[in-house]
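# Structural overview
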Amino acid sequence: MQTGESSDVETPTAGGYQALSEMRTRIAEAAQRAGRLPNSIALLAVSKGQTLGSIRRIVAHGQLAFGENYVQEALPKIAALPNLRLEWHFIGRLQANKTRDIAEQFSWVHSVDRLKLAERLSAQRPSELPALNCCIEINLNAEATKGGIEPGALSELVSGVRALPRLRLRGFMALPTPSSDPTVQRASFRIFREMVTPYVSTFDTLSMGTSTDFEAAIAEGATIVRIGTALFGARAE
Ligand SMILES: *Cc1c(COP(=O)(O)O)cnc(C)c1O
């Protein structure tokens, strides 16, 4: 994984403006098909495993929101891009020993799944920053290897997170088991949307959809799609 300056050579490869522009078009078209406004869907560029050069190339064309999964990888990138307009979203598994860095350096956390860690994030959020935007991640398919709270425990976590002073609960995140079948993709996103509908008065964000299933996610109401490889090309992992 290279994030150093040495890998920042500008080359006219895929993963630059063209991929960004195509992605914006595909999002707008998916929105239109769903009878939604294109600007009701935000594009989060998932930059894990990508170089600073790749990030800079799309910042130059107005992409300002970036998602990272690993704190150790994200911190040097955040430090190297001190552009106040960039918005960093933490989308990986939360660990207790990383909450301070997240609370200090990120604007959003999509992967809140335990009250203990949410409490740490709230306590550690610096007072000069606005409240940390959060989504609760739901483990839709009860996959042991994935993060997210099990659906049965959701309502308790929603109440707990809403009570925390330095977190602002914005909505919910899901990463369903990948499928290449658009019907199956939509069914998973629909189940997720219906699961969170009881909390509709408390959220404005559904963070769902990746490179392979964002169109199905938009059809089911996604407000943030998290796109990595379709924007940047393959990751170094
Ligand atoms: C890596 C990742 C993505 C992006 O996946 P792509 O297939 O590269 O678009 C989105 N969400 C989460 C939680 C991820 O870990």
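Preceding this paragraph is the structure being described.
Here we summarise the structure given alongside this text. Owing to the predicted nature of the structure, the values given are computational and were not obtained by experimental measurement.

### A look at the nonpolar core
- Counting residues in hydrophobic clusters, the biggest one holds 60 residues, and the most contacted among them are I136 and F172.
- For this core, the leading source of residues is helix α1 (residues 17–33), giving 5 residues.
- Setting aside residues no more than four positions away along its own chain, I136 makes contact with H110, V112, I149, L154, L157, V158, V161, L169, G171, F172 and M173.
- Listed in part, the 8 residues of the second largest apolar core include L44, A65, W108 and C135.

### As for helix α3 (residues 71–80)
- When α3 is considered as a whole, its buried residues turn out to be V71, E73, A74, K77 and I78. For α3, the angular spread of the buried residues around the axis is 150 degrees, confining them to a single face. More than 90 degrees from the buried face of α3, the exposed residues found are Q72 and A79.
- Those residues of α3 hidden inside the fold are in contact with α2 (52–59), β2 (65–68), β3 (87–90) and α4 (99–105).

### A word on the packing of aromatic side chains
- Per the counting criterion, the structure on display carries 4 aromatic pairs.
- With a centroid separation of 5.7 Å and 35 degrees between ring planes, the pair formed by F66 and W88 is classed as tilted. Of this pair, F66 sits in strand β2 while W88 sits in strand β3, placing them 22 residues apart in sequence. Taken individually, F66 and W88 each receive the classification buried, so the pair is uniform in this respect.
- Geometrically, the ring pair formed by F90 and F106 is edge-to-face, given 5.6 Å between the ring centres and 85 degrees between the ring planes. Within this pair, whereas F90 is found in strand β3, its partner F106 is found in the loop between α4 and β4 (108–112), the two being separated by 16 residues in sequence.
- An aromatic cluster is present here, built from F172, Y199 and F203 joined pairwise through their rings.

### Overview of the pairing of strand β5 (residues 132–138)
- Where burial is concerned, most of β5 is hidden: 7 out of the 7 residues are buried.
- With burial as the criterion, each face of β5 is covered, one bearing L132, C134, I136 and I138 and the other bearing N133, C135 and E137.
- For β4 and β5, the ladder comprises 3 bridges, and the chain directions are parallel. Among the inter-strand pairings, V112 is bridged to a residue of β5, identified as I136.
- Crossover handedness for the path β4 to helix α5 (residues 115–124) to β5: right-handed.
- Sheet topology note: the β5/strand β6 (residues 167–174) ladder contains 7 bridges and is parallel. Paired with N133 across the strands is R168, a residue of β6.
- Handedness of the β-α-β unit built from β5, helix α6 (residues 154–162) and β6 comes out right-handed.

### Some details on the site of the ligand
- Near the ligand, the surroundings consist of V46, K48, N69, I91, L175, T210, S211, R226, I227, G228, T229 and R235.
- One nitrogen or oxygen atom from the side chain of S211 is found 2.5 Å from an oxygen atom belonging to the ligand.
- Along the lines of polarity and charge, the residues of the shell around the ligand split into 4 nonpolar, 5 polar and 3 charged.

### Some points on the side chain of E73
- Here E73 shows up in helix α3.
- For E73, a relative accessible area of 13% corresponds to the buried category.
- Side-chain polar atoms of E73 contact the backbone nitrogen of G49, separated by 2.6 Å.

Reading the values: the criteria
- Residues numbered from 1 in each chain as written.
- Predicted model: local features only at pLDDT ≥ 70, side-chain atom pairs only at ≥ 80, totals over all residues.
- Heavy atoms only, no water.
- Core = buried A, V, L, I, M, F, W, Y, C linked by side-chain atoms within 4.5 Å.
- Buried < 20%, exposed > 50% of the residue type's maximum accessible area, 1.4 Å probe, protein only.
- Helix = DSSP H or I, 4+ residues; strand = E, 2+ residues; numbered from the N terminus.
- Contact = heavy atoms within 4.5 Å.
- Arc of directions from axis to C-beta.
- Phe/Tyr/Trp six-rings, centres within 6.5 Å; stacked < 30°, edge-to-face > 60°.
- Pairing = 2+ DSSP bridges.
- Right-handed = clockwise from strand over helix to strand, strands pointing away.
- Near = heavy atom within 4 Å.
- Polar contact = N/O pair within 3.5 Å; in protein donor to acceptor, adjacent residues only side chain to side chain.
- Nonpolar A, V, L, I, M, F, W, Y, C, P; charged D, E, K, R; others polar.

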